[in-house]
Amino acid sequence: MITVTHRRYVPYSHAHYAGNLVDGAYSLGLFGDVATEVCIQLDGDEGLFASYDDVQFKAPVQAGDVLEITATVVKMGTRSRKIAFESRVVCRGTGGSGAMVLETPIVAVSATGTVVVPPKN
């Protein structure tokens, strides 16, 4: 179908917990951003997020990380699009301005969700 990928640096201003941990909602917000691009590419409209079917927090996201967010459409209805999401840590912050590129990305969050778009005229 279609896959869209974004990358995003996680700023230290988003750390909320000890160890520079970032809350899970940060990745969910990024899923919304990439879903918007999916809808624009497929339908020429931003669409609306209707629901999540499954969200799994698998590994921590930390300030200073670089995330790669993917959205893959797995099913298309008349107005709905079911999307599989994944947030992977591709670079890990090491404190201060230091970071390292990970040889194997870490899957931090996965989810499936549904977006809806307006009817075609």
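The name given to the protein chain in an unreviewed UniProt entry is 3-aminobutyryl-CoA ammonia-lyase, with Paractinoplanes atraurantiacus as the source organism.

(A) Layout of helix α1 (residues 25–43). A rise of 1.5 Å per residue sets the reference length of α1, with its 19 residues, at 27 Å; its end C-alpha atoms lie 26 Å apart and thus fit the reference within 8%. Of all the positions in α1, only Tyr26, Ser27, Leu30, Phe31, Val34, Ala35, Val38, Cys39 and Asp43 are classed as buried. Those residues of α1 that are buried are in contact with β1 (3–9), β3 (21–22), β4 (48–57), β5 (66–76), β6 (80–95) and β7 (98–116).

(B) Looking closely at the sheet that holds β4. Overall, antiparallel pairing links the 5 strands, which are arranged β1-β5-β6-β7-β4 in an open sheet. The outermost strands of the open sheet, each flanked by one partner alone, are β1 and β4. Here the strands of the sheet are splayed against their neighbours by 25 degrees on average, with no regard to which way each runs. Pairing analysis gives 7 bridges linking β1 to β5, with the strands arranged antiparallel.

(C) Broad picture of the UniProt feature "domain: HotDog ACOT-type" (unreviewed entry) in the protein chain. Those residues carrying the UniProt feature "domain: HotDog ACOT-type" (unreviewed entry) are residues 1–121 in this numbering. Each end of residues 1–121 is marked by a C-alpha atom, and these two atoms are 23 Å apart; helix forms 16% of the span and strand 56%.

(D) Inspection of the nonpolar core at higher detail. Membership of the largest hydrophobic core comes to 25 residues, with the highest contact counts inside it found for Val38, Leu67, Ile83 and Phe85. The dominant element in this core, judged by the number of residues it contributes, is α1, at 7 residues. If we ignore the near neighbours within four places in the chain, the residues touching phenylalanine 85 are Phe31, Val34, Ala35, Phe49, Tyr52, Thr70, Ala71, Val109, Ser110, Ala111, Thr112 and Gly113.

(E) Structural context of the packing of aromatic side chains. Within this structure, the stated rule accounts for 4 aromatic pairs. Ring geometry for phenylalanine 49 and tyrosine 52: centres 4.6 Å apart, planes at 40 degrees, overall tilted. Taking 6.4 Å as the distance between ring centres and 65 degrees as the angle between the ring planes, the aromatic pair formed by tyrosine 52 and phenylalanine 85 counts as edge-to-face. Of this pair, tyrosine 52 sits in strand β4 while phenylalanine 85 sits in strand β6, placing them 33 residues apart in sequence. Judged by relative accessible area, which is 31%, tyrosine 52 ranks as partly exposed. Assessed through its relative accessible area of 3%, phenylalanine 85 is described here as buried. A network of ring pairs unites the aromatic residues Phe31, Phe49, Tyr52 and Phe85 as a single cluster.

Rules used in this analysis
- Residues numbered from 1 in each chain as written.
- Predicted model: local features only at pLDDT ≥ 70, side-chain atom pairs only at ≥ 80, totals over all residues.
- Heavy atoms only, no water.
- Helix = DSSP H or I, 4+ residues; strand = E, 2+ residues; numbered from the N terminus.
- Expected span 1.5 Å × (residues − 1).
- Buried < 20%, exposed > 50% of the residue type's maximum accessible area, 1.4 Å probe, protein only.
- Contact = heavy atoms within 4.5 Å.
- Pairing = 2+ DSSP bridges.
- Axes fitted to C-alpha atoms, helices over the stretch in contact; angles between N-to-C directions.
- UniProt positions renumbered as here; feature names shortened; annotations may be inferred.
- Core = buried A, V, L, I, M, F, W, Y, C linked by side-chain atoms within 4.5 Å.
- Phe/Tyr/Trp six-rings, centres within 6.5 Å; stacked < 30°, edge-to-face > 60°.

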